[in-house]
Amino acid sequence: MKWLLILVIYAAPDDAVNWNGPWTFGMTHLVETPFDSEAACRKAATYAIDKLHEGMRAPIRYRCVAVEDGLPKDAPR
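All chains use their own residue numbering, which begins from 1 and follows the written sequence. Local features in this predicted model are restricted to residues of pLDDT 70 or higher, and side-chain atom pairs are both shown and tallied only at a pLDDT of 80 or more, whereas totals for entire chains, interfaces and linings draw on every residue. Calculation of side-chain values draws on the structure's entire complement of heavy atoms; hydrogens and water are dropped beforehand.

## Description of the state of the cysteines
Note that a disulfide, as used here, is simply two cysteine sulfur atoms within 2.5 Å. For the structure on display, the rule yields 1 disulfide. A sulfur-sulfur separation of 2.2 Å characterises the disulfide bridge that pairs Cys-41 with Cys-64. Disulfide Cys-41-Cys-64: the torsion about the S-S bond is -100 degrees, which places it as left-handed. Highlighted residues: Cys-41 in helix α1 (residues 38-52) and Cys-64 in strand β3 (residues 60-67), separated in sequence by 23 residues. Judged on exposure class, the residue Cys-41 and its partner Cys-64 are both buried. Helix and strand labels come from DSSP, where a helix needs a run of H or I of at least four residues and a strand needs a run of E of at least two; each type is numbered from the N terminus. Note on exposure labels: buried denotes an accessible area under 20% of the residue type's maximum, exposed denotes more than 50%, and partly exposed covers the range between, all computed with a 1.4 Å probe on protein chains only.

Without other data, these values stay purely geometric and don't point to any function.
Right, dumping it as structure tokens:
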């Protein structure tokens, strides 16, 4: 099993100063490197959010999604 990290960033209006919400969906970012465990994915998410918050204090949510790391021969397409 491999784990993919998806970050969801929420946005305030363009003219907002000290905005306290409500927040709207802004964008997503998929971290391209897969992780070998959910724990490693979560650790990377926490680190990424901390780094993003150094310059942008928007709410950021994440999901670690499990996917198969391989498929058997003749797997359905």
